[in-house]
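Overview (structure and organization)
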Amino acid sequence: MDPSGTPVSPLEQALHTARALVLDDLAAGDVAAADVVSMVEESVVQRRWWVEQWPEGAPYVAGLVAQDVQDALLETYGRWPLCPVCGSGDPHALEVEPELGPDPHWVCHKAGVKVAAVGSLGSATGGVPSS
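Residues numbered from 1 in each chain as written. Predicted model: local features only at pLDDT ≥ 70, side-chain atom pairs only at ≥ 80, totals over all residues. Heavy atoms only, no water.

**A word on the sheet that holds strand β3 (residues 113-117)**
Strand order in this open sheet of 3 strands is β1-β2-β3, and the pairing throughout is antiparallel. Where the open sheet ends on each side, the last strands, each with one partner, are β1 (95-97) and β3. Going across the sheet, the axis of each strand differs from the next one's by a mean of 40°, ignoring polarity. Sitting on the sheet, helix α3 (residues 61-76) is in contact with β1 and β2 (105-108), with an inclination near 165° to β1. (Pairing = 2+ DSSP bridges. Helix = DSSP H or I, 4+ residues; strand = E, 2+ residues; numbered from the N terminus. Axes fitted to C-alpha atoms, helices over the stretch in contact; angles between N-to-C directions. Contact = heavy atoms within 4.5 Å.)

Here it is in structure tokens:
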């Protein structure tokens, strides 16, 4: 329920959860500046329309928002999140897998490993997730 006592729809809950998970990952990498948070909000607005058209896609929203923000950051800041697994070679970004599916994870394709679930980068990189 929201603060007014109105039940929150499953679609809204999926959007709120996606927003929180991606913001936790951004905070873990000290990337949660106001303009970056605006990128998250813009993605949530766009994905709200998407999930209203396809309610069965609600479990996929967190991964999609993470990918949207990653793409937006690439255009303005560069690669994010950088891989914490590979200690040598060129810095490279993690990718979300599955691209369209439930239970999204950040994956390093170079090392072939799952690094963390979306929303849990802080535990994988030694950062402290926001509470």
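**A word on helix α2 (residues 34-53)**
In a regular helix each residue adds 1.5 Å, so 20 residues correspond to 28 Å; α2 covers 29 Å between its end C-alpha atoms and thus fits that length. The set of residues buried in α2 consists of Val36, Met39, Val40, Ser43, Val44, Arg47, Trp50 and Val51. Looking at the packing, one finds that the buried side of α2 touches α1 (10-28) and α3. (Expected span 1.5 Å × (residues − 1). Buried < 20%, exposed > 50% of the residue type's maximum accessible area, 1.4 Å probe, protein only.)

**Here we look at the side chain of arginine 47**
Mapped onto the elements, arginine 47 comes out in helix α2. The class of arginine 47 is buried, set by a relative accessible area of 16%. Those residues in contact with arginine 47 that lie beyond four places of it in its chain are Leu15, Val61, Leu64, Val65 and Asp68.

**Remarks on the environment of aspartate 68**
Within the element layout of this structure, aspartate 68 appears in helix α3. Measuring from C-alpha to C-alpha, the distance between aspartate 68 and cysteine 83 comes to 18 Å, with 15 residues separating the pair along the chain. Those residues in contact with aspartate 68 that lie beyond four places of it in its chain are Ser43 and Arg47.

**Re the environment of leucine 100**
Locating leucine 100 in the fold gives a position in the loop between β1 and β2. When its relative accessible area of 49% is taken as the criterion, leucine 100 is described as partly exposed. Separated by 40 residues in the primary sequence, leucine 100 and tyrosine 60 have C-alpha atoms spaced 5.9 Å apart. Other than its neighbours up to four places away in sequence, leucine 100 contacts Trp50, Tyr60 and Leu64.

**With respect to the pairing of β3**
With 4 bridges connecting them, β2 and β3 associate as antiparallel partners. By the bridge assignment, histidine 105 is partnered in β3 with alanine 117. What sits between the antiparallel neighbours β2 and β3 is a turn of 4 residues, in which glycine 112 has the positive phi angle 70°.

**Description of the packing of aromatic side chains**
Applying the stated criterion across every chain, the model contains 3 aromatic pairs. Centroid distance tryptophan 54 to tyrosine 60: 5.4 Å. Interplanar angle 50°. Geometry classified as tilted. According to the relative accessible area criterion, tryptophan 54 is partly exposed, its value standing at 33%. Measuring from ring centre to ring centre gives 5.3 Å for tryptophan 80 and tryptophan 106, while their planes differ by 80°; the resulting arrangement is edge-to-face. With tryptophan 80 in the loop between α3 and β1 and tryptophan 106 in strand β2, the pair connects residues that are 26 residues apart, well separated along the chain. For tryptophan 80, a relative accessible area of 8% corresponds to the buried category. Each member of the aromatic cluster is reached from another via a ring pair, and the members are Trp50, Trp54 and Tyr60. In this arrangement the basic side chain of arginine 47 is found over the ring face of tryptophan 50, its NZ or CZ atom lying 5.8 Å from the centre. (Phe/Tyr/Trp six-rings, centres within 6.5 Å; stacked < 30°, edge-to-face > 60°. Lys NZ or Arg CZ within 6 Å of the ring centre and 35° of its normal.)

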